[in-house]
Amino acid sequence: MQVQVHGRGARWWITFGTITFGTLFLVVGLILAGVSASFLTDAERAPGTVVALEWRNDHNGASRKKRESDRPVAYPVVEFTSADGTPRTFRSSTGSNPPSYEQGERVEVLYRSDSPEDARINGFASLWLLPLIFGGIGLVIAGIGTAIAMVGRARS
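One structure accompanies this document, and this report is about it. Here the structure is a predicted model, which is why all the values come from computation and not from measurement.

1. Notes on the overall build of the protein
When you go through the protein residue by residue, the secondary structure sums to 2 helices and 5 strands. A burial count over the protein gives 24% of its 156 residues as buried. Looking at the protein alone, contacts between residues at least 24 apart form 64% of all its contacts between residues at least 6 apart. Accessible area of the protein: about 10600 Å², with a carbon and sulfur share of 59%.

2. Looking at helix α2 (residues 124-155)
Working note: α-helix, 3.6 residues per turn, so residues spaced by three or four point in the same direction. Between its first and last C-alpha, α2 extends 44 Å over 32 residues, near the 46 Å set by a 1.5 Å rise per residue. Three or more residues of α2 are buried, namely Ser126, Leu127, Pro131, Gly135, Gly138, Ala142 and Gly145.

3. Some thoughts on the pairing of strand β5 (residues 115-121)
Among the 7 residues that make up β5, 5 are buried, leaving the element largely enclosed by the rest of the structure. Examined bridge by bridge, strand β4 (residues 106-112) and β5 share 4 bridges and lie antiparallel to one another. Note on β5: the bridge partner recorded for Leu110 is Arg120. The loop that links β4 with its antiparallel partner β5 comprises 2 residues.

4. Overview of the side chain of Ser96
As for its placement among the helices and strands, Ser96 is situated in the loop between β3 (87-91) and β4. Taking the relative accessible area as the measure of exposure, Ser96 reaches 19% and is therefore buried. At 2.9 Å, the side chain of Ser96 and the backbone oxygen of Pro98 are in polar contact. Of note is the side chain of Ser96, whose polar atom sits 2.9 Å from the side chain of Ser100. Contact partners of Ser96, with chain neighbours within four places excluded, come to Val73 and Ala74.

5. Details of the nonpolar core
In terms of nonpolar packing, the biggest core is built from 10 residues, these being Ala46, Val50, Val78, Phe80, Phe90, Val107, Val109, Tyr111, Ala119 and Ile121. Put simply, the parts of the chain that give this core at least two residues each are β1 (44-56), β2 (73-81), β4 and β5. Here this core takes 3 residues from β4, the largest share from any one element.

6. Points about the sheet that holds β5
Within a sheet, each strand pairs with its neighbour through backbone hydrogen bonds, oriented either parallel or antiparallel. A sheet is described by the order of its strands in space; here 5 strands give the open sequence β3-β2-β1-β4-β5, paired in antiparallel fashion. Each end of this open sheet is capped by a strand with a single partner; those strands are β3 and β5. In this sheet, adjacent strand axes meet at a mean angle of 40 degrees when their direction is disregarded.

7. Examining the pattern of salt bridges
This structure, assessed with the given rule, holds 4 salt bridges. The closest approach of N and O atoms between Arg45 and Glu108, which form a salt bridge, is 3.3 Å. With Arg45 in strand β1 and Glu108 in strand β4, this residue pair connects regions lying 63 residues apart in the sequence. Among the residues examined, Glu108 registers a relative accessible area of 33% and is labelled partly exposed. With a shortest N-O distance of 3.3 Å, Glu54 and Arg91 are connected by a salt bridge. With Glu54 in strand β1 and Arg91 in strand β3, the pair connects residues that are 37 residues apart, well separated along the chain. On the basis of relative accessibility, which here comes to 32%, the residue Glu54 falls in the partly exposed class.

Each value, and the rule that gives it
- Residues numbered from 1 in each chain as written.
- Predicted model: local features only at pLDDT ≥ 70, side-chain atom pairs only at ≥ 80, totals over all residues.
- Heavy atoms only, no water.
- Helix = DSSP H or I, 4+ residues; strand = E, 2+ residues; numbered from the N terminus.
- Buried < 20%, exposed > 50% of the residue type's maximum accessible area, 1.4 Å probe, protein only.
- Contact = heavy atoms within 4.5 Å.
- Areas by Shrake-Rupley, 256 points an atom, 1.4 Å probe, with all protein chains shown as cover.
- Expected span 1.5 Å × (residues − 1).
- Pairing = 2+ DSSP bridges.
- Polar contact = N/O pair within 3.5 Å; in protein donor to acceptor, adjacent residues only side chain to side chain.
- Core = buried A, V, L, I, M, F, W, Y, C linked by side-chain atoms within 4.5 Å.
- Axes fitted to C-alpha atoms, helices over the stretch in contact; angles between N-to-C directions.
- Salt bridge = Lys/Arg side-chain N within 4 Å of Asp/Glu carboxyl O.

Listed below in structure tokens is the structure:
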């Protein structure tokens, strides 16, 4: 299917929409980076141990066709003791295949003392992967829209 764009107004709206969409993704990425940075400044640190790997299929929808890339993903389950002496367990929100961690592996846990159930493994993926993905996609899309706008303006 080929889409034809007629007129300067339609091109302007498409360019504006592309820049807006990219900027929105970039802003979300920056907000997520700010949340991670804030978490790091307030976080308590504790040694933890990966006690299990929880394997899950992250398929959305029953009608999705099975593909070879649809392999289960391992989420580390980590035990640590918070500063108040309470043993705690959490499942990381970041999974991978192959697993990033092995059962029995020692990790550093970051958590807030006022809500130790909100814990994360001190690692790149759990802290910075989502901000990097959203920010990167936003930067690319907004950059493409801006380049299109500049080329269109130069032609006028």
